[in-house]
Amino acid sequence: MKFFLDSARPDEIRYAMDFLGIAGVTTNPRHVQAAGKPFLTTLGEIARLVEGSPLTVSVEVNPHHEQAEAMAAEGEKLAALSPNFVIKLPATEAGFKAIGLLKGRGVRANLTLVFSAVQALQAMRLGAFYVSPFIGWKEANGEPTLQLVEEIVAIRDQYGFATEIIVAAVRNGRQIVEAAVAGADIVTAGLAVYQEALDHPYTRDGLRKFQQFWDQTPYE
Ligand code: E4P
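Presented here is a report on the structure given in the accompanying data block. Just so you know, these numbers come straight off a predicted model, no measurement behind them.

Moving on, we come to the sheet that holds strand E4 (residues 85-90). Strands sit in the order E1-E2-E3-E4-E5-E6-E7-E8 around a closed barrel of eight strands; the barrel is parallel. Geometrically, the sheet is characterised by an average inter-axis angle of 30 degrees between neighbouring strands, direction not taken into account. Against the sheet, helix H5 (residues 93-104) contacts E4 and strand E5 (109-114), and its axis sits at roughly 155 degrees relative to E4. Docked against the sheet, helix H6 (residues 117-125) engages E5 and strand E6 (130-133), running at close to 170 degrees with respect to E5.

Here it is, written out as structure tokens:
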């Protein structure tokens, strides 16, 4: 079970590489905007951070593209910036087609904005490297999410697809655990989600108690 960081901020990525043992990074237009620099500048900084590592960095093509060839052409250009880059394509007709176009050019695709199992199935059939169901966005609309992840995992296992499943837009530790129990390969979440999920008041209380005992005991 791999943890990816959902961020385009180099400082957060460096921190998560050091302290979380992340295996990858997922970016999206919102994260790149939040990084505060031009798109290619931010991508260049991230590329340098992960250079020589096995971390993948998912990078989204211009979301205004409506044609598969335009998506593939930009994806190919972005993938040339770093061997770590995987190209995010939307789960639209053109996005599905672009998976194959990129595959033919040796570029890996991450199908993003996935909200149904049939979208995931199509991405896997077409050879996407990653498929990203957005559970947090579904949950925000009052929709159940666990069944979606379970169905995608079951389909992947049933047919032996090589695609890895990224459970995306994860908001809390419970969702990380549910994704792990369901058999997802990866979760991606923001730094604060991991920090809050890994923190526990009992751990902090216990540590304080042990510190008191420690202070009352001679070392030698
Ligand atoms: C994943 O690849 C997406 O970037 C991400 O999870 C989107 O959700 P969020 O930005 O709302 O967390």
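The next subject is the pattern of salt bridges. Applying the stated rule across the entire model yields 12 salt bridges. Lys88 is the partner of Glu60 in a salt bridge, and the nearest nitrogen-oxygen pair spans 3.9 Å. Of this pair, Glu60 sits in strand E3 (residues 56-60) while Lys88 sits in strand E4, placing them 28 residues apart in sequence. Of the residues examined, Lys88 reaches a relative accessible area of 3% and is grouped as buried. Residues Arg156 and Asp185 are paired through a salt bridge, measuring 2.6 Å at the closest nitrogen-oxygen approach. Taken together, the residues span a long stretch of sequence, with Arg156 in helix H8 (residues 146-159) and Asp185 in the loop between helix H9 (173-182) and strand E8 (186-189) at a distance of 29 residues. A relative accessible area of 10% means that Arg156 is categorised as buried. Look at Asp185 and you get buried, because its relative accessible area is 17%. Connected through shared salt-bridge partners, Arg9, Asp11 and Glu12 make up one network.

Criteria and cut-off values
- Residues numbered from 1 in each chain as written.
- Predicted model: local features only at pLDDT ≥ 70, side-chain atom pairs only at ≥ 80, totals over all residues.
- Heavy atoms only, no water.
- Pairing = 2+ DSSP bridges.
- Helix = DSSP H or I, 4+ residues; strand = E, 2+ residues; numbered from the N terminus.
- Axes fitted to C-alpha atoms, helices over the stretch in contact; angles between N-to-C directions.
- Contact = heavy atoms within 4.5 Å.
- Salt bridge = Lys/Arg side-chain N within 4 Å of Asp/Glu carboxyl O.
- Buried < 20%, exposed > 50% of the residue type's maximum accessible area, 1.4 Å probe, protein only.

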